[in-house]
Amino acid sequence: MCHNIIDGRWHTPCGHFIAISTHRQDCQRPNCVFSRRHVHLIGCTSRSCIRLMDLPVRNPIRISPTSCADCTIRTTLQLMRS
Ligand SMILES: [Zn+2]
Ligand SMILES: [Zn+2]
Ligand SMILES: [Zn+2]
């Protein structure tokens with residue numbers, strides 16, 4: 001099955017993943033409606049065709065040693081409050 005690959009930055013201290021770009025991984029199957037090899041180009045009515053995409057996969061292209069922007073703001077606010 002086709003699935004989306006989400007490229008992004010992974011912030012190790014808080015464990016958050018910030019998406020930068022998304023692209024599709026083609027499964028190259030002729031019976032998958034999302035594939036470029038899909039045999040029914042327009043108006044596919046075949047019951048044997050796959051109409052579901054697999055869960056997206058996270059691909060950390062950058063690993064950051066600092067917290068993400070949201071978490072940085074949150075900790076700053078907490079420090080200001082205390
Ligand atoms: Zn596919
Ligand atoms: Zn089809
Ligand atoms: Zn975070």
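Residues numbered from 1 in each chain as written. Chains lettered and ligands numbered in written order. Predicted model: local features only at pLDDT ≥ 70, side-chain atom pairs only at ≥ 80, totals over all residues.

1. Points about the sheet that holds strand 1 (residues 3-11)
Here comes step 1: The three strands lie next to each other as 2-1-3, forming an open sheet whose pairing is mixed. With one partner strand each, in any of the chains shown, strand 2 (16-25) and strand 3 (54-64) form the two edges of the open sheet. Shown here is a sheet whose adjacent strand axes are inclined to one another by a mean of 25°, direction ignored.
Here comes step 2: With nine bridges joining them, strand 1 and strand 2 adopt antiparallel strand pairing. Following the sheet pairing, Gly 8 is matched in strand 2 by Ala 19. (Pairing = 2+ DSSP bridges. Helix = DSSP H or I, 4+ residues; strand = E, 2+ residues; numbered from the N terminus. Axes fitted to C-alpha atoms, helices over the stretch in contact; angles between N-to-C directions.)

2. Digging into the confidence of the model for the chain
Here comes step 1: Mean pLDDT over the chain works out to 96, with 100% of the residues at or above the 70 mark.
Here comes step 2: Mean pLDDT values for the elements of the chain range from 95 in helix 1 (residues 69-81) up to 98 in strand 1. (pLDDT = per-residue confidence, 0-100.)

3. Let's talk about the pairing of strand 1
Residues in a regular strand point their side chains to alternate faces of the sheet.
Here comes step 1: Hairpin connection from strand 1 to strand 2: four residues lie between these consecutive antiparallel strands, with Gly 15 at a positive phi of about 75°.
Here comes step 2: Bridge analysis of strand 1 against strand 3 gives eight bridges, and the strand direction is parallel. Bridge pairing links Asp 7 to Asn 59 in strand 3.

4. Examining the environment of Arg 9
Here comes step 1: Note on placement: Arg 9 falls in strand 1.
Here comes step 2: It is 5.7 Å that separates the C-alpha atoms of Arg 9 and Ile 63, two residues lying 54 residues apart in sequence.
Here comes step 3: Setting aside chain neighbours within four positions, we find Arg 9 in contact with Ile 18, Ile 20, Pro 60, Arg 62 and Ser 64. (Contact = placed C-beta atoms within 7 Å.)

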